[in-house]
Amino acid sequence: MTWEAVPGFVHEVDARGETTVVVERERLLDAARWLRDEAGFNFLADITPTDYHGWNQERVSGYWGDAGGRDINAPGSWGLQHQPEAKRSRFSVSYHLLRLRAGANEAPRLRLQVWCEDGEPVESVVSVWPTADWHEREAWDMMGIRFEGHPNLTRILMDDDWEGHPLRKDYPLGGEPVRFSGEE
Amino acid sequence: MAVAERPAAKPIYEGTRIPAPIPTMLQVDPALREQGDILEVNFGPNHPSTHGVLRLVVELNGERVVGLTAVIGYLHTGFEKNMEQKTWWKAITYPARIDYLSFQMNELVFVLAIEKLLEIEPPPKATWMRMLMCELTRIHSHLIWLGTAALEIGAISMLWYCFRDRDAILDLFELVTGVRMHTRYFQTGGLAEDIPPGFYDECRSFVGLMQQRIDDYEAILDRQQIWLERTKGLGLLSAEDAIALGQSGPVLRASGVDWDLRRAEPHLAYDQVEFNVPVYFNGDVYDRYRVHMDEMRESTRIIGQAVEGMPEGPWIVDDRKIVLPPRHELHTSMESLIHHFKLVTEGYRVPEGEVYVAVESARGELGCYVVSDGGPKPWRVKFRAPSFVALEATATCMSDALVADLIAIVGSLDTVMGEVDR
């Protein structure tokens, strides 16, 4: 089955037995409704944002870091003989869908994917799958993906006054200042 | 083995109870609030019945819960961020700590994801042993659930009984892996060590013992009037609402949905063993308890079959670019020493790509989404935590419940806060 009928269809990838359908960011909600009502994907397993900042950039082979030492905060693909394929945008948001039929002996899955740059909003799918509520809040909290139309888009895992989005590639890993270090 | 096969006589409730507009938050009716009798109570985060550090902001009208907000994140430790900094080989240590009660399944799902990216197939012995270990873990997790859930409702002795049997399972883990919890027994490509002599006999005696014990526990609880009255008809969740809220595992099966990933999407060797999927139709706390009990019985059946049907042969693939060489070779073979050194320091490289692997953990669909850029470290790891999703259903289950039932209902969703907050 091809998925060209999905509203906003961009392209489809079949790899390792998994199907990924990429749709336009502006038509995500239509695509989600279509997949639930027409294709029967009634179960949203997960929403995963991925940050591709630094993907496919410099540091082609060899060590990661510079003369001053290994920089644990530098994002990027490193130590590779050849670089991975470039991505469309900085962020991808993957929706893992499942067609759940009671008593069934099969579990057809589909990955719905949209791509966005930093700050670009993605339509919320809470109205299609209510379980998206916390998944989208987590995606906002951890990656800073803004979901338009979400009824309560607040931080969920970090404190309400936290600054930054910790799972982004440019978020420093050693963010906490170290007391009583050698420089002090 | 009594698996309910009758269809629901009547729906659990009419229509939907998912609150609007926010599906995971019960909001107080403004008219009710104006009367001024609403009492706001903090339940947790430091409360012995929260299974960790869950905070529920509960708004009460008399004894009725009219508003509920779940606040999570107190145990957030950034597992996923940490795993991006470790080589694939070292990152396997992390998932077990996420859900510290069904740790083998967490390890399994991450290892399966790596294997899917690497396109390697572990030998049958490893697959069967993984299944055996996972079913032991399922009993382990369900026992802790049963003990603590019963304890919270007042059946204190259940805790001691359950922890006694849990200790027997931990002894089995210790026999196989040398550690009692967080065993890190699953390696990419198979198992870390061969199955030790004497393990099968220990397993057989455990299976016989456990089947007896489950009957005992059911006898203790099912004839206990207090237990029945505090669990029946509480925390209702209909099949439609459960699917819409993404519920899986025992919560979904107690709502009358016959769904189990072990049967629908057979991983490991689940398509080669016989087991039933227990389904109950009332969608209440009592039915969730029934599902847990029946699942433990089914797990003992699977363990018995796994012990008898365990294939012979190697326990890990023979690929020196991925698997550590045998220890004794390090003293005699230069190549083995180099391989060992490279694997431990730099790790192996995993081809570029993204995969989502799901297994049926003790709590439901446990998924792992992994992205690789072709390097020795994962680019992105994300766990689909069933506990996280289960907590989304608290608002729906709690609508119009009494505050005294709050603990029973939240407990029945079987959440592990380490997994919720990751």
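Going by the structure above, here's the rest.
Peer 1: Help me understand the interface of chain B and chain A in this model?
Peer 2: Where the parts come together, the accessible area they lose is often given as the size of the interface. Between chain B and chain A, the residue contacts involve 45 residues of the former and 41 residues of the latter. Elements supplying a minimum of two residues to the side of chain B that touches chain A: α2 (79–84), α10 (239–244), α12 (261–264), β6 (353–361), β7 (364–372), β8 (378–384) and α15 (386–392) of chain B. Residues of the side of chain B that touches chain A, tallied by class, amount to 21 nonpolar, 10 polar and 14 charged.

Peer 1: Explain helix α13 (residues 285–309) of chain B here, please?
Peer 2: Working note: α-helix, 3.6 residues per turn, so residues spaced by three or four point in the same direction. Here α13 of chain B spans 36 Å end to end across 25 residues, near enough to the 36 Å set by a 1.5 Å rise per residue. For α13 of chain B, a buried count of 19 out of 25 residues is recorded, marking the element as mostly surrounded by other parts of the structure.

Peer 1: Where do I start with the sheet that holds strand β5 (residues 109–116) of chain A in this structure?
Peer 2: To summarise the sheet geometry, strands pair through backbone hydrogen bonds and adopt either a parallel or an antiparallel arrangement. Residues and elements named next belong to chain A. Strand order in the open sheet made by the 5 strands is β1-β2-β5-β4-β3, with mixed pairing throughout. Whereas interior strands pair on both sides, the edge strands pair on one side only; in this sheet they are β1 (9–15) and β3 (43–51). Looking at each pair of strands side by side, their axes are set apart by 20° on average, direction ignored. Strand direction decides the pairing type here: β3 and strand β4 (residues 91–98), joined by 8 bridges, are antiparallel. Within β4, the position partnered with Thr48 by the bridge is Ser94. Sitting on the sheet, helix α2 (residues 132–143) touches β3 and β4, and the angle it makes with β3 is about 5°.

Peer 1: Looking at this model, I keep getting lost on the packing of helix α6 (residues 124–153) of chain B against helix α7 (residues 156–177) of chain B. Mind explaining?
Peer 2: Helices that pack against each other are described as a pair by the angle of their axes relative to one another and the distance between those axes. Residue and element names in this part refer to chain B. At a closest axis distance of 8 Å, the pairing of α6 and α7 adopts a crossing angle of 165°. When the interaxial angle is binned, α6 and α7 end up roughly antiparallel. Pair α6 / α7 crosses with left-handed handedness. For the pair α6 and α7, the contacting residues are Leu136, Ile139, His140, Leu143, Ile144, Leu146, Gly147, Thr148, Ala150 and Leu151 in the first and Ile156, Met158, Leu159, Cys162, Phe163, Asp165, Arg166, Ile169 and Leu172 in the second. Here the contact of α6 with α7 is composed, by residue class, of 14 nonpolar, 3 polar and 2 charged.

Peer 1: Please clarify how the environment of Pro84 of chain A should be interpreted in this entry.
Peer 2: Residues and elements named next belong to chain A. Along the chain, Pro84 turns up in the loop between β3 and β4. The partly exposed category is assigned to Pro84, around which 19 C-beta atoms lie within 10 Å. Between the C-alpha atom of Pro84 and that of Trp55, which follows or precedes it by 29 residues, the distance is 7.6 Å.

Peer 1: Even after reading the chapter, I still don't get the packing of helix α8 (residues 199–222) of chain B against α13 of chain B, so can you show me in this structure?
Peer 2: Residues and elements named next belong to chain B. Running from amino to carboxyl end, α8 crosses α13 at an angle of 160°, the nearest separation of the two axes being 10 Å. By the angle between their axes, α8 is roughly antiparallel relative to α13. Pair α8 / α13 crosses with left-handed handedness. Only Met293, Met296, Arg297, Thr300, Ile303, Gly304 and Val307 of α13 make contact with α8, whose side of the interface consists of Tyr200, Cys203, Arg204, Val207, Met210, Gln211, Ile214 and Glu218. Class assignment for the residues of the contact of α8 with α13 results in 9 nonpolar, 3 polar and 3 charged.

Calculation criteria
- Residues numbered from 1 in each chain as written.
- Chains lettered and ligands numbered in written order.
- Predicted model: local features only at pLDDT ≥ 70, side-chain atom pairs only at ≥ 80, totals over all residues.
- Contact = placed C-beta atoms within 7 Å.
- Helix = DSSP H or I, 4+ residues; strand = E, 2+ residues; numbered from the N terminus.
- Nonpolar A, V, L, I, M, F, W, Y, C, P; charged D, E, K, R; others polar.
- Expected span 1.5 Å × (residues − 1).
- Buried ≥ 20, exposed ≤ 12 C-beta atoms within 10 Å, placed from the backbone.
- Pairing = 2+ DSSP bridges.
- Axes fitted to C-alpha atoms, helices over the stretch in contact; angles between N-to-C directions.
- Parallel < 35°, antiparallel > 145°, perpendicular 65-115°, else oblique.
- Left-handed = near helix turned anticlockwise from the far one by under 90°.

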